[in-house]
Amino acid sequence: MKQFSDISAAIEKRKNDQLLRSRVQLHSAQGIRVVIDGQPMLSFCSNDYLGLANHPLVCEAMIASIKKVGVGAGASHLIDGHHREHEQLEQELAAFMVRERALLFSTGYMANLGVIAALMTRHDTIIQDKLNHASLIDGGILSQARSLRYRHNDLEHLEQCLASATSKKLVVTDGVFSMDGDCAPLTDIAQLCSQYGAWLMVDDAHGLGTLGDNGAGLVSQLGLDSKAVPLVIGTLGKAFGTSGAFVAGDATTIEYILQYSRPYTYTTASPPSVAAATRESLKLVINGQDRRAQLNQNIAYFRAKISSLGFELMSSSTAIQPVLVGANERALQLSKQLKEQGILVSAIRPPTVPKGTARLRFTLSADHTQADIDELYDALRLVV
Ligand SMILES: *Cc1c(COP(=O)(O)O)cnc(C)c1O
């Protein structure tokens, strides 16, 4: 019984700290105009940055595939769930990322667990940015390696960590940071890694599709090859608008992960139709220059409009545009007041972000128009 009183006390505490989470129900397709709990809303909170989650060509590709091969993969990749669609997608992703090989996972969370836990052991050291995504931290825990964390984007602190580790070293960082929207200084990080003989793994979940000339992400935008960044993680549930993730790297490392990663081995392959849909969205991403240009225009317009209201924007040039609020209650209140005016944005609170830095996390999409951002501006003006 003790356990049970502990867990209700923990929920009570979250309530009192204004930290209780609750879910809304999406009644429509994902997009910028959604129906939430029966109410039409203008949304600024999905990661569907290019508007592909409900794109007709992507939907058709999935339906056509289901008609041919059904729904469930029925087995793991290493038994007989590895469908031809998965294989072709992996080859196309490897070419897209300019890496020798890519390996699919069912989610980004699993890719990060699977890659880190396969490559690192308790004799090794993992060095991570303080603001890395939870899945990277959890991958480190699963691997049992020694963990060092450096201050966010602080190259001097990273160098101290690199100098202090004598064992095999892996440096891990988000490309675009998911709650702040800023980018890691990857060129300098890669340089330090090569100087100290460390591997580098970049999780480019939010850069993929939105950055780089053909959407291959931050690593590609900075011109970093597989020598500079041996391991790149991309997720497919964000700008790609589908589901899943991949790791791209040299053939030997990818083969090793395939052989030794438990989160890769002991799970059912994702439906082949998801791979078929993703192959279609990959084409749209590669040819998505207009979408990326529109997204960038929206980002610039958003920043100009919202800062004119006196809100504190963070130093982000990406589709993730957080407005720093500070107190949990204030963030919740603003999000609620916007919701009453038909605008959906999430209040992000600890433990997702550090204490005292609660924020409204706006995300922009290529599908937003200036009129949409004007509508947000008018709503915000009423609540400042
Ligand atoms: C969303 C995200 C993930 C997890 O990807 P899923 O496919 O949603 O599991 C991993 N890393 C980062 C940086 C993310 O933003």
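Scoring rules and cut-offs
- Residues numbered from 1 in each chain as written.
- Predicted model: local features only at pLDDT ≥ 70, side-chain atom pairs only at ≥ 80, totals over all residues.
- Heavy atoms only, no water.
- Buried < 20%, exposed > 50% of the residue type's maximum accessible area, 1.4 Å probe, protein only.
- Helix = DSSP H or I, 4+ residues; strand = E, 2+ residues; numbered from the N terminus.
- Arc of directions from axis to C-beta.
- Contact = heavy atoms within 4.5 Å.
- Pairing = 2+ DSSP bridges.
- Right-handed = clockwise from strand over helix to strand, strands pointing away.
- Axes fitted to C-alpha atoms, helices over the stretch in contact; angles between N-to-C directions.
- Near = heavy atom within 4 Å.
- Polar contact = N/O pair within 3.5 Å; in protein donor to acceptor, adjacent residues only side chain to side chain.
- UniProt positions renumbered as here; feature names shortened; annotations may be inferred.
- Phe/Tyr/Trp six-rings, centres within 6.5 Å; stacked < 30°, edge-to-face > 60°.
- Lys NZ or Arg CZ within 6 Å of the ring centre and 35° of its normal.
- Domains from an automatic or database assignment.
- Buried area = accessible area lost by both parts, 1.4 Å probe.
- Salt bridge = Lys/Arg side-chain N within 4 Å of Asp/Glu carboxyl O.

**Q** For helix α8 (residues 186-195), give the residues involved together with the corresponding values.
**A** Among the residues of α8, L186, I189, A190, L192 and C193 are the ones counted as buried. All buried residues of α8 lie within an arc of 160° about the axis, which places them on one face of the element. Where α8 is buried, its residues contact β5 (146-150), α7 (155-164), β6 (169-174), β7 (199-203) and α9 (218-221). Backbone geometry just after α8 places G197 at a positive phi near 65°.

**Q** An account of the pairing of β5 is needed here, citing residue identities and associated values.
**A** Two elements, strand β4 (residues 125-129) and β5, share 5 bridges in a ladder whose sense is parallel. Across the sheet, I127 pairs through a bridge with L148, a residue of β5. In this view, the connection linking β4 to its parallel neighbour β5 by way of helix α6 (residues 134-143) has right-handed handedness.

**Q** Which residues make up the sheet that holds strand β3 (residues 101-105), and what are the values?
**A** Read from one edge of the open sheet, 7 strands run β3-β9-β8-β7-β6-β4-β5, paired in mixed fashion. Two strands bound the open sheet, and with one partner strand each, they are β3 and β5. Each neighbouring strand pair of the sheet contributes to a mean axis angle of 20°, computed without reference to strand direction. Of the strands in this sheet, β3, β4, β7, β8 (231-235) and β9 (245-249) touch helix α5 (residues 108-119), which is tilted by about 160° from β8. Against the sheet, α7 engages β4, β5 and β6, with an angle of about 155° to β5.

**Q** Go over unusual backbone geometry with me, naming the residues and quoting the values.
**A** A cis amide bond, omega 5°, links P350 with the succeeding residue P351. Structurally, P351 is set in the loop between β13 (346-348) and β14 (358-363). One non-glycine residue with positive phi stands out, namely D37, at about 50°. Assignment of secondary structure puts D37 in the loop between β1 (33-36) and β2 (39-43). The partly exposed category is assigned to D37, whose relative accessible area is 41%.

**Q** How would you explain the site of the ligand if you had to name every residue and give the values?
**A** The local shell around the ligand holds 13 residues, among which G108, Y109, D203, H206 and K238 are the closest. Between the ligand and Y109, the relevant distance is 2.9 Å, taken from an oxygen atom to a main-chain nitrogen or oxygen of the residue. It is α5 that contributes the most residues to the shell around the ligand, 3 residues altogether.

**Q** Describe in detail the UniProt feature "domain: Aminotransferase class I/classII large" (unreviewed entry) in the protein, supporting the description with residues and values.
**A** Within this numbering scheme, the UniProt entry marks residues 41-380 as carrying the feature "domain: Aminotransferase class I/classII large" (unreviewed entry). Counted over residues 41-380, helix gives 44% and strand 17%. Its end C-alpha atoms are 15 Å apart.

**Q** Tell me what's going on with the packing of aromatic side chains, and back it up with residues and numbers.
**A** A full pass over the atoms with the stated rule returns 5 aromatic pairs. A centroid spacing of 5.3 Å and a plane angle of 55° characterise the contact between F302 and F362, whose relative ring orientation is tilted. With F302 in helix α13 (residues 289-307) and F362 in strand β14, this pair connects stretches of sequence that are 60 residues apart. A residue is classified by how much of its surface remains accessible, and F302, at 0% relative accessible area, is buried. Members of the aromatic cluster, connected to one another through ring pairs, are F44, F302 and F362. When the ring centre of W199 is taken as reference, the NZ or CZ atom of K168 above it lies at 5.4 Å. Directly above the ring of Y377 sits K305, whose terminal nitrogen or CZ lies 4.2 Å from the centroid.

**Q** Can you lay out the domain arrangement of the protein for me, pointing to particular residues and giving the numbers?
**A** Domain assignment breaks the protein into domain 1 (22-50 + 289-381) and domain 2 (56-286). Taking only C-alpha atoms into account, the centre of domain 1 sits 26 Å from that of domain 2. Facing the 21 residues of domain 1 at the interface are 23 residues of domain 2. Summing the contributions of domain 1 and of domain 2, the shared interface buries around 1500 Å²; its carbon and sulfur component is 56%. Of all residues in domain 1, the largest losses of buried area upon contact with domain 2 belong to Y49, R292 and T318, amounting jointly to 31% of the total for that side. Inspection of the domain 1/domain 2 interface yields 1 salt bridge. Put simply, D180 and R359 hold a salt bridge, and the shortest N to O gap is 3.0 Å. The tally of links from domain 1 across to domain 2 stands at 11 residue pairs in polar contact (both at pLDDT 80 or more).

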